[in-house]
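Descriptive analysis of the structure
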Amino acid sequence: KLLPTCSAIVALHPDEATGAIVDFAVSNGIPFVAVPCCVFSRLFPERIQNGSTVSTYDDLIQFLTSKRAGIHKEKLPFDGANHALWATGSLHMHE
């Protein structure tokens, strides 16, 4: 009940929830920022990018940003899992 009424979603190191967070935000027109971390390729074999299972961090970032036009990527100024993905709440209209 709470999530559909929030004004934005912020997800830092969301582990297995990353894909669901992006999908929920986009489908409900909620602005979001997510900083993905782990790939979990064995848990999500259905994540396919360029004909192969998403298995690296770069694959995951590309997979998530390709879900919809308008999902942006920014590199953060630290080492490691350092890409923030974000979008405004208008993406759900472009399904």
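Refer to the preceding data block for the structure.
Here is what the cut-offs are and how they apply
Chains are numbered independently. Their residues run from 1 in the order of the written sequence. Side-chain atom pairs in this predicted model are given and counted only at pLDDT of 80 or more, local residue features only at pLDDT of at least 70, and totals for whole chains, interfaces and linings cover all residues. Computation of side-chain values covers all heavy atoms of the structure but excludes hydrogens and water. Aromatic rings from Phe, Tyr and Trp, taking only the six-membered ring of Trp, are treated as a pair when their centres fall within 6.5 Å; an angle between ring planes under 30 degrees marks them as stacked, one over 60 as edge-to-face, and anything in between as tilted. Two limits define a charge over a ring: the Lys NZ or Arg CZ must be within 6 Å of the ring centre, and within 35 degrees of the ring normal. A pair of cysteine sulfur atoms is labelled a disulfide when the two atoms are within 2.5 Å. Each residue's exposure class comes from its accessible area (1.4 Å probe, protein chains only) as a fraction of the maximum for that residue type: buried when under 20%, exposed when over 50%, partly exposed otherwise. By nonpolar core we mean a set of buried residues, namely Ala, Val, Leu, Ile, Met, Phe, Trp, Tyr and Cys, connected to one another through side-chain atoms within 4.5 Å. Counting from the N terminus, the helices are DSSP H or I runs at least four residues long and the strands are E runs at least two residues long. Between two residues, a contact is recorded if the distance between any of their heavy atoms is within 4.5 Å. Strand pairing follows a simple DSSP-based rule, namely that at least 2 bridges must link the two strands.

Moving on: the packing of aromatic side chains. Evaluated as defined, the whole model comprises 0 aromatic pairs. Its guanidinium or amino end placed over the ring of Phe44, Arg47 lies 4.0 Å from that ring's centre, counting from NZ or CZ.

We now examine the state of the cysteines. Applying the stated criterion across every chain yields a total of 0 disulfides. Free of any disulfide, Cys37 has its nearest neighbouring cysteine sulfur in Cys38, separated by 4.0 Å. Relative accessible area serves as the criterion here: at 8%, Cys37 is assigned to the buried category. Judged by relative accessible area, Cys38 falls into the partly exposed class, the value being 35%.

What follows is about the nonpolar core. Counting 19 residues, the largest nonpolar core has Ile9, Val22, Phe32, Leu64, Ile71 and Leu85 as its most contacted members. Taken together, the elements giving at least two residues each to this core come down to β1 (9-12), α1 (18-28), β2 (32-35), α2 (57-65) and β6 (83-87). For this core, the element with the most residues is α2, which contributes 5 residues. For Phe32, the residues in contact, after removing those within four places along its chain, are Ile9, Val22, Ala25, Val26, Ile71, Leu85, Trp86 and Ala87.

Looking now at the pairing of β6. Within β6, 4 of the 5 residues are buried, which leaves it mostly tucked inside the rest of the structure. As paired elements, β2 and β6 share 3 bridges and run antiparallel to each other. The residue bridging Val33 from the neighbouring strand is Trp86, located in β6. Bridging between strand β5 (residues 72-75) and β6 involves 4 bridges; their strand directions are antiparallel.

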